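# Per-entry structural report
Below are the chains, spelled out letter by letter.
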Amino acid sequence: MTDKIILRIQTPNGTRRLEVQLKSSLRRLFEDVHACLELDTYNFRLFKDRLKREELISSSKCIESANLRHGDMLYLSEESGAMSDSSSKKKFDQIRQNNKTPSMHKEDEVDLQLYKLDGKIQRKRDDKMCRHTSKGCCVHCSALEPWDETYLKDQKIKHLSFHSYIRKLTSGVDRGKFVALEDLNCKIKPGCRDHLPWPKGICSKCQPSAITLNRQSYRHVDNIMFENILIVERFLNYWRCSGHQRMGLLYGNYEIHPEVPLGIRARVMAIYEPPQESSRDYIKILEDPNQSDVDEVSNALGIRCVGWIFTDLLTDDAALGTVKQTRGIDTYFLSAQECILAGNLQNSHPNASKHSSTGFFGSKFSTVCVTGDSKKQVHMEGYAVSAQCMALVRDNCLLPTKDAPELGYIRESSDKQYVPDVYYKEKDVYGNEVQRLGRPLPVEYLLVDIPASTPVHQLHTFTAREDKGHFPIENRFLDGHIQDFTALSNYLSKWNSNEFIEAVSDFHLLIYLYRMDMLPLRSEMSLLFEAIKTKDTNLALKFKTKEVWCTLEQLISASVQHDVSAQSLSSTLVADTDDWVCNHCTFLNTRSGSQTCDICNLPRN
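Computed from a predicted model, the values in this text were never measured in an experiment. (Residues numbered from 1 in each chain as written. Predicted model: local features only at pLDDT ≥ 70, side-chain atom pairs only at ≥ 80, totals over all residues. Heavy atoms only, no water.)

We now examine the packing of helix H7 (residues 291–300) against helix H12 (residues 507–514). In a pair of packed helices, the angle between the axes and the distance between the axes together describe the arrangement. As a packed pair, H7 and H12 sit with axes 10 Å apart at the nearest point and diverge in direction by 120 degrees. Classed by the angle they form, the pair H7 and H12 counts as oblique. Note on packing geometry: the crossing formed by H7 with H12 is right-handed. The residues of H12 that touch H7, namely those facing Asp-293, Val-294, Glu-296, Val-297 and Ser-298, are Phe-507, Leu-510, Ile-511 and Tyr-514. A per-class count over the contact of H7 with H12 returns six nonpolar, one polar and two charged. (Axes fitted to C-alpha atoms, helices over the stretch in contact; angles between N-to-C directions. Helix = DSSP H or I, 4+ residues; strand = E, 2+ residues; numbered from the N terminus. Parallel < 35°, antiparallel > 145°, perpendicular 65-115°, else oblique. Left-handed = near helix turned anticlockwise from the far one by under 90°. Contact = heavy atoms within 4.5 Å. Nonpolar A, V, L, I, M, F, W, Y, C, P; charged D, E, K, R; others polar.)

Moving on, we come to the sheet that holds strand S7 (residues 211–213). Taken together, the three strands give an open sheet; going across it, the order is S7-S21-S22, and neighbouring strands pair in mixed fashion. Edge positions in the sheet fall to S7 and strand S22 (433–437), since each of these pairs with one other strand and no more. Taken over all neighbouring pairs, the strand axes of this sheet differ in orientation by 35 degrees on average, direction set aside. Of the pairings in the sheet, the one linking strand S21 (residues 422–427) to S22 comprises five bridges and is antiparallel in character. What sits directly across from Glu-426, in S22, is Val-434. Contacts between helix H9 (residues 387–394) and the sheet are confined to S7 and S21, with S7 contributing the most and set at about 135 degrees to the helix. (Pairing = 2+ DSSP bridges.)

Under the definition given, this model contains 29 salt bridges. A salt bridge links Glu-64 to Lys-23; its shortest N-O distance comes to 3.0 Å. One end of the pair, Glu-64, is in the loop between strand S4 (55–56) and strand S5 (73–78); the other, Lys-23, is in the loop between strand S2 (14–21) and helix H1 (26–37), and 41 residues separate them in sequence. Given the relative accessible area of 58%, Lys-23 is considered exposed. Each of Asp-108, Asp-111, Arg-304 and Lys-364 takes part in salt bridges that share partners, so that together they form one network. (Salt bridge = Lys/Arg side-chain N within 4 Å of Asp/Glu carboxyl O. Buried < 20%, exposed > 50% of the residue type's maximum accessible area, 1.4 Å probe, protein only.)

Turning our eyes to something else, we now look at the side chain of Asn-223. Turning to its location among the elements, Asn-223 is positioned in strand S9 (residues 223–226). Other than its neighbours up to four places away in sequence, Asn-223 contacts His-257, Ile-264, Arg-265, Ala-266, Ile-450, Pro-451 and Ser-453.

Glancing now at the environment of His-105. By the element assignment, His-105 lies in the loop between helix H2 (86–97) and helix H3 (109–115). Under the relative-accessibility criterion, His-105 is labelled buried at 5%. With 247 residues separating them in the primary sequence, His-105 and Ala-352 have C-alpha atoms 6.0 Å apart. Residues within four places of His-105 in sequence aside, it is in contact with Ile-6, Glu-19, Ala-352, Thr-358, Gly-359 and Phe-360.

Following the sequence through the fold, Lys-468 ends up in the loop between strand S25 (452–453) and helix H10 (485–492). A distance of 2.8 Å separates a polar side-chain atom of Lys-468 from the backbone oxygen of Lys-494. (Polar contact = N/O pair within 3.5 Å; in protein donor to acceptor, adjacent residues only side chain to side chain.)

We now examine helix H14 (residues 537–544). Within H14, the full set of buried residues consists of Ala-540, Phe-543 and Lys-544. Buried residues of H14, viewed axially, fall in a sector of 105 degrees; they line one side. Turned more than 90 degrees away from the buried face of H14 sit Asn-538 and Lys-542, all of them exposed. By the N-cap criterion, in which a side-chain oxygen at the helix start approaches the backbone nitrogen of a residue two or three places on, H14 is capped by Asp-536, the distance to Asn-538 being 3.0 Å. (Arc of directions from axis to C-beta.)

Before going further, it helps to spend a moment on the sheet that holds strand S24 (residues 447–450). Spatially, the eight strands line up as an open sheet ordered S24-S18-S17-S14-S10-S11-S9-S25, and their pairing is mixed. Unpaired on one side and paired on the other, S24 and S25 mark the two borders of the sheet. Pairing between strand S10 (residues 247–257) and strand S11 (residues 263–272): nine bridges, direction antiparallel. In the sheet register, His-257 faces S11, and the bridge partner there is Gly-263.

What follows concerns the packing of helix H8 (residues 336–348) against H9. The N-to-C vectors of H8 and H9 enclose an angle of 90 degrees; their axes lie 9 Å apart at closest approach. Here H9 runs roughly perpendicular to H8, going by the angle between their axes. Here Cys-339, Ile-340, Gly-343, Asn-344, Gln-346 and Asn-347 of H8 lie close against H9, whose contacting residues are Cys-389, Met-390, Val-393 and Arg-394.

To continue, consider the nonpolar core. Among soluble globular proteins, nonpolar side chains are generally buried collectively. With 75 residues, the main nonpolar core has Leu-488, Phe-507, Leu-521 and Leu-552 as its most contacted residues. In terms of residues, this core owes the most to one element, H12, which gives seven residues. Not counting chain neighbours up to four residues away, the residues in contact with Leu-552 comprise Phe-485, Leu-488, Leu-513, Met-516, Leu-519 and Leu-521. In this structure, Tyr-254, Ile-271, Leu-313 and Val-323 belong to the second largest nonpolar core, which totals 27 residues. (Core = buried A, V, L, I, M, F, W, Y, C linked by side-chain atoms within 4.5 Å.)

Before going further, it helps to examine the packing of aromatic side chains. All chains considered together, the criterion is met by 17 aromatic pairs. The interplanar angle of 20 degrees and the centroid separation of 6.4 Å between the aromatic rings of Phe-162 and Phe-361 together place this pair among those described as stacked. Here Phe-162, found in helix H5 (residues 162–169), pairs with Phe-361, found in the loop between H8 and strand S17 (366–372); they are 199 residues apart in sequence, far enough to count as distant. Each member of the pair, Phe-162 as well as Phe-361, is classed as buried. Taken together, Phe-162, Tyr-165, Tyr-218 and Phe-361 form an aromatic cluster joined through their ring pairs. Taking the ring centre of Tyr-238 as reference, the NZ or CZ of Arg-246 above it sits at 4.2 Å. (Phe/Tyr/Trp six-rings, centres within 6.5 Å; stacked < 30°, edge-to-face > 60°. Lys NZ or Arg CZ within 6 Å of the ring centre and 35° of its normal.)

Here the focus is unusual backbone geometry. Along the chain, Trp-198 connects to Pro-199 via a cis peptide bond; the corresponding omega equals 15 degrees. Relative to the elements of secondary structure, Pro-199 occurs in the loop between H5 and S7. For the bond running from Arg-439 to Pro-440, omega is 5 degrees, close enough to zero to count as cis. The backbone of Lys-156 sits at a positive phi, close to 60 degrees, despite the residue not being glycine. Among the structural elements, Lys-156 can be located in the loop between helix H4 (149–154) and strand S6 (160–161). For Lys-156, a relative accessible area of 77% translates into the label exposed.

To continue, consider the pairing of strand S20 (residues 407–410). Here S20 shows one buried face, formed by Gly-408 and Ile-410, and one open face, formed by Leu-407 and Tyr-409. Summarising the sheet, strand S19 (residues 398–400) and S20 pair through three bridges and their orientation is antiparallel. Residue pairing in the sheet places Leu-399 in a bridge with Tyr-409 of S20. Linking two consecutive strands that pair antiparallel, namely S19 and S20, is a turn of six residues.

Let's shift gears to H5. With six of eight residues buried, H5 lies mostly within the body of the structure. All of the buried residues in H5 are Phe-162, His-163, Ser-164, Tyr-165, Ile-166 and Arg-167. Buried residues belonging to H5 abut H3, S6, strand S8 (218–219) and S11.

See below:
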């Protein structure tokens, strides 16, 4: 549960939204309301119900103790002079005229761009059907709406884009005046005073309704594009070296997807690998003490976390490089446990939307599974869980099963938690549609497919040169994959001074430099981040002249010279001794001046 919630404050002049901390005091709530509404005095009272029977008292108690939840409405009762200032009413009138999104929940830039597009699907004149001139228009060549089913079917587009879905809802006579996107509620509504608290009592007013799962017709992200194949290959190298599975976070941006009407594409530029334990059969994600540093670096570079990726690969034939197909229509696409994890991640990355009363609806956060396909080749599949699944996970209603990964289980009500009935529809052997209780529940009802691929023409936001090697990826405890000063020296020493911006344009390197304790680079790296973000070579060279970077270069130079001297000394010591190791059978020969091995009789060199 998040520490921040949104409360709605209803007043005689309108409704305002206020973001508060659950751990802050009720006294602070009154102060925030006073500041938010620009009141002249504190001569007002707050109530939890419209009949003004449950009053909130200003005290040092925390807001959480008042049983306030995200999206709850508080009713303000004004005393004489509390809201006499006409500026408050003007403020509310202005808010009504603006969009419905609270100012603290700014929508993504890609959403703002899509709002400006009409989304119409343009068609050319049909020579067979059209009977008008080239300047005319008829039903056979007029533009189609972005949700046109025939067009989507012809183009093999399985789901509506989210903005097409919104346009469809707002296309009626009322222009979507009464459209409101609301999340499912699986919990008992608080504040009911007609009965004792659960489990001793419940009524129809506070009891959540039964839920029937439907396959989601839209998706927030229509395509996941990895900028180049090297991003995925570097991620898969861990599995190739160890045979263990791996998980990573996808960092990139959202952009308009031109192949889907009003579509959105997640563009992946790098994969960050958090601390984890893994084997051939499982992955355990550990708490990451450096996540805040990673987010600061990504924000400075103008990118964000857009999804997560994990492997489920089993070698079939090592000589041919094939892998086993363990997922598919006959088994499962995502397990119930993976759906629950995806739901948690999507809930922690909500999508800001002006069409929701809470300011959020759904999520653009995506899931990518790397597994074997029907041809036994490594293959990527993208998914997202539905808004219904997010609500079930958020309210702790969905559980995994023990022996069947393709099945989930709806938790049963207990003394501590009431759980509504969850149903799904399927066809019986006679083709009739029947409704079944979700115990167990096929998780395919919770999934939304998202294509995942790489472009034909590779893109490179970060460095991708094989001839220079790569800086090791974080949290890999394998030989040759450790991030340390030696690895830093070896990597940077391969680049010329005129290749500086290309050398440091590595997401994993930047995180390592940002976290270095040896030198205070953190406070000086804003210039470097801006240079990489804008591809400005002059800015990068300006950073290169800073004292802290010059000091680092001197340390690297000294380290390289020390390694060369140590290698030379080692070679000299080996040459001066009479003992030598056979390159063929590894036997240690001690016979002075011997040029052949005493065991295998093969030559020394």
